[in-house]
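# Observations on chain architecture
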Amino acid sequence: MSGPLRAGILLLALAGCGRASAPPVGTTATPTAFRTLSVPAAGVRLRVPADWTVTPGQPPLMDVISSGSSIIALWRYSTRVPPPRTGAGVSAALTTLERRARRRDRTFRVQRAGTGRLQGAPVIILDATETISGRLRRVRSEHVLLRGSELVLEAYSPPAAFPHEDHLVFSPVRKSLSLDSPEG
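Here's a quick rundown of the structure. (Residues numbered from 1 in each chain as written. Predicted model: local features only at pLDDT ≥ 70, side-chain atom pairs only at ≥ 80, totals over all residues. Heavy atoms only, no water.)

## Some details on the sheet that holds strand S2 (residues 44–49)
The strand order across the open sheet formed by 3 strands is S1-S2-S10, and the pairing between neighbours is antiparallel. Each edge of the open sheet is held by one strand with a lone partner, namely strand S1 (34–39) and strand S10 (178–179). When S2 meets S10, the two strands line up antiparallel, connected through 2 bridges. In the sheet register, Val44 faces S10, and the bridge partner there is Leu179. Contacts between helix H3 (residues 162–176) and the sheet are confined to S1, S2 and S10, with S2 contributing the most and set at about 160° to the helix. (Pairing = 2+ DSSP bridges. Helix = DSSP H or I, 4+ residues; strand = E, 2+ residues; numbered from the N terminus. Contact = heavy atoms within 4.5 Å. Axes fitted to C-alpha atoms, helices over the stretch in contact; angles between N-to-C directions.)

## Quick word on the environment of Ala161
Relative to the helices and strands, Ala161 is located in the loop between strand S9 (149–157) and H3. Each C-alpha atom of the pair Ala161 and Arg137 lies 9.5 Å from the other, and the pair is 24 residues apart in sequence.

## What to know about the sheet that holds strand S4 (residues 61–67)
Pairing within the open sheet is antiparallel, and its 7 strands lie in the order S3-S4-S5-S9-S8-S7-S6. Lying at the two open borders of the sheet, with one neighbouring strand each, are strand S3 (53–56) and strand S6 (109–118). When the angles between neighbouring strand axes are averaged without regard to direction, this sheet yields 15°. Two strands pair when backbone bridges link them, and S4 and strand S5 (residues 70–78) are joined in this way by 6 bridges, in the antiparallel orientation. What sits directly across from Asp63, in S5, is Leu74. Across the sheet, helix H2 (residues 87–104) touches S6, strand S7 (121–132) and strand S8 (135–146), and the angle it forms with S7 is around 15°. In the packing of H3 onto the sheet, the strands contacted are S5, S7, S8 and S9, and the crossing angle to S8 comes to about 15°.

Here you go:
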């Protein structure tokens, strides 16, 4: 099995792991300010809403940032598989990630998918609807493929609320993500 294919399989196996339950239904707080959250165990920093709750997780879950029915989860998984080095390798990992997600959840539907880079590290981006603990959610996950680990930033909420939450919170948090050292 090739390195990119193994990486893609690992990504899919890990996607969505650890979600014990869907968030409670409630009103999501509109952020009035953002603050920097440093997560040394994950090797990252990001700006999160100052009035959202930050709950430490048990590895591989690093932190959960939440308000009402909207959640941002930061995961860091160890891996022995090196990250793909080429665009074709990253694209192959994306294809594998999508296929595994569909097998795991019959309701999984891709809205958008793509690839990118964060400080030199390859990134796979999936924007999809899926069922989490019996509830339909729209989820954007960014998989940063690093040497020795995979960093996953997930943001999810009910589908009707997602565009609003994405504009006010999810996209600004995603754009603020930075690695403490290039390529992890």
